[in-house]
Amino acid sequence: MPYEPPTHTVERSLRATTGAKIVAGVDEVGRGAWAGPVTVCAAITGLRRPPEGLTDSKLLTIKRRTALAEELRTWVTSYALGHASPEEIDALGMTAALRLAAVRALDALPVRPDAVILDGKHDYLGTPWRVRTVIKGDQSCVAVAAASVIAKVQRDKMMAELGIDHADFGFADNAGYPSPVHKAALAERGPTPYHRLSWAYLDALPQWRHLKKVRSWADGSVPEIEGQLGFDF
């Protein structure tokens, strides 16, 4: 399906309106997975013309995405990855875990960005970062698209490595997302050390439900359920 290539329009706007000189694009992968970390990439690209075919990682074939990520690692001015573990997701909730992973990525860059373009409509990063949220930024913004591809390929590789000792779960193919193979293995064997144990899928597994972790919400807030899909969907 044809798509418009990403541009530097948002970055140019940020530079013009805020005086920012260094702008990072930030995107995440793994938010809706049942296993593995949530991974965030921060990429700085400048205003150079991007590699041919750059777009949201989800729109690319595995072969093209892998090749493009390899090209991007040397094409970008700089990039860094940050992760939040399943244990941190269980303890903090997804929004806070995303912020933790994003801050880790941004702090790992060789230079501190003056502004950040964040994919999506919700600013999970917050102060002191100067943030511009862009819906479908991974399709429209060069730096965010670059971050999307690098993050996806890196996390997929991590999940394949984690899955070596848990072959029945198919992590190399599903990256921890709820595929039929993954669901069947969960029902039979229960969660691996890499599963998020505070999530709703455990409610549908009576023999493993005792493993579920419940966060305390002392401030009276409502638990986050974004991405915590159960078995029936």
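Residues numbered from 1 in each chain as written. Predicted model: local features only at pLDDT ≥ 70, side-chain atom pairs only at ≥ 80, totals over all residues. Heavy atoms only, no water.

1. Considerations on the UniProt feature "binding site: a divalent metal cation" (unreviewed entry) in the protein
- Taken from the UniProt record, the annotation "binding site: a divalent metal cation" (unreviewed entry) applies to D27, E28 and D119. These annotated residues cover 93 residues of sequence, but their C-alpha atoms sit close together, with the largest distance between any two at 8.0 Å. The subset of the named residues that lines the largest pocket consists of D27, E28 and D119.
- Note on placement: E28 falls in strand β1 (residues 23–29). (UniProt positions renumbered as here; feature names shortened; annotations may be inferred. 1 Å grid on protein atoms, 1.4 Å probe; cavity = no way out; pocket = protein on both sides within 12 Å on 5 of 7 lines; lining within 4 Å. Helix = DSSP H or I, 4+ residues; strand = E, 2+ residues; numbered from the N terminus.)

2. What about unusual backbone geometry?
- Omega for the bond connecting T127 with P128 falls within 30 degrees of zero, at 5 degrees, which places this linkage in the cis form.
- We note that A175 has phi near 55 degrees; this positive angle belongs to a residue other than glycine.

3. With respect to the layout of surface pockets
- For the largest pocket, the calculated volume is near 520 Å³.
- Looking at the largest pocket, it is lined by 21 residues, and the ones nearest its centre are D27, E28, R31, K58 and D119.
- A total of three residues in the lining of the largest pocket trace back to one element, the largest contributor, which is β1.
- Tallied by class, the residues present in the lining of the largest pocket amount to four nonpolar, six polar and eleven charged.
- Put simply, the second largest pocket is a space of about 220 Å³.
- Forming the boundary of the second largest pocket are 14 residues, of which I62, R65, D156, A172 and D173 lie nearest the centre.
- Considering every element that reaches the lining of the second largest pocket, the biggest residue donor is helix α6 (residues 142–162), with five residues.
- Class assignment of the residues belonging to the lining of the second largest pocket gives a composition of seven nonpolar, two polar and five charged. (Points joined across faces, edges and corners; volume = space filled by probe spheres on them. Nonpolar A, V, L, I, M, F, W, Y, C, P; charged D, E, K, R; others polar.)

4. Side note on the pairing of strand β2 (residues 38–44)
- The buried count for β2 comes to seven of seven residues, which makes it a mostly enclosed element.
- The alternating pattern of β2 places V38, V40, A42 and I44 on one face and T39, C41 and A43 on the opposite face, and all of these are buried.
- Judged from the six bridges that link them, β1 and β2 form a sheet pairing that is antiparallel. Its bridge partner being in β2, A24 is matched across the sheet by I44.
- Relative to strand β3 (residues 78–84), β2 runs antiparallel, the two sharing seven bridges. Considered in β3, the bridge of A43 is made with Y79. (Buried < 20%, exposed > 50% of the residue type's maximum accessible area, 1.4 Å probe, protein only. Pairing = 2+ DSSP bridges.)

5. Observations regarding the UniProt feature "domain: RNase H type-2" (unreviewed entry) in the protein
- Per the UniProt entry, the sites bearing "domain: RNase H type-2" (unreviewed entry) are residues 21–211 in this numbering.
- Here residues 21–211 runs as 39% helix and 16% strand, with 48 Å between its end C-alpha atoms.

6. Here we look at the sheet that holds strand β5 (residues 131–134)
- Pairing in this open sheet of five strands is mixed, and the strands run β3-β2-β1-β4-β5 from one edge to the other. With one partner strand each, in any of the chains shown, β3 and β5 form the two edges of the open sheet. Ignoring strand direction, the axes of neighbouring strands in this sheet form an average angle of 20 degrees.
- Inspection of the sheet shows strand β4 (residues 115–119) paired to β5 by four bridges, in the parallel sense. Bridge assignment links I117 to a residue of β5, and that residue is R132. (Axes fitted to C-alpha atoms, helices over the stretch in contact; angles between N-to-C directions.)

7. Let's talk about helix α8 (residues 180–189)
- Along α8, the residues that are buried comprise H182, K183, A185 and L186. Buried residues in α8, looked at end-on, bunch into an arc of 165 degrees, giving them a common side. What points out from α8, more than 90 degrees from its buried face, is the exposed set P180 and E188.
- Taken together, the buried residues of α8 touch α7 (171–174).
- Just beyond α8, the residue with positive phi is G190, at close to 85 degrees. (Arc of directions from axis to C-beta. Contact = heavy atoms within 4.5 Å.)

8. Here we look at the side chain of S198
- Looking at where S198 falls in the secondary structure, it is placed in the segment after α8.
- A polar contact of 2.7 Å, which involves the side chain of S198, links it to the side chain of D90. (Polar contact = N/O pair within 3.5 Å; in protein donor to acceptor, adjacent residues only side chain to side chain.)

9. Things to note about the packing of helix α2 (residues 62–75) against α6
- Where α2 meets α6, the closest approach of the two axes is 9 Å, and the angle between their N-to-C directions is 120 degrees. Here α2 is positioned oblique relative to α6, judged by the angle of their axes. The handedness of the crossing between α2 and α6 is left-handed. Contacts from R65, T66, L68, A69, L72, R73 and W75 of α2 reach α6 at V142, A146, V149, I150, K152, V153, Q154 and D156. (Parallel < 35°, antiparallel > 145°, perpendicular 65-115°, else oblique. Left-handed = near helix turned anticlockwise from the far one by under 90°.)

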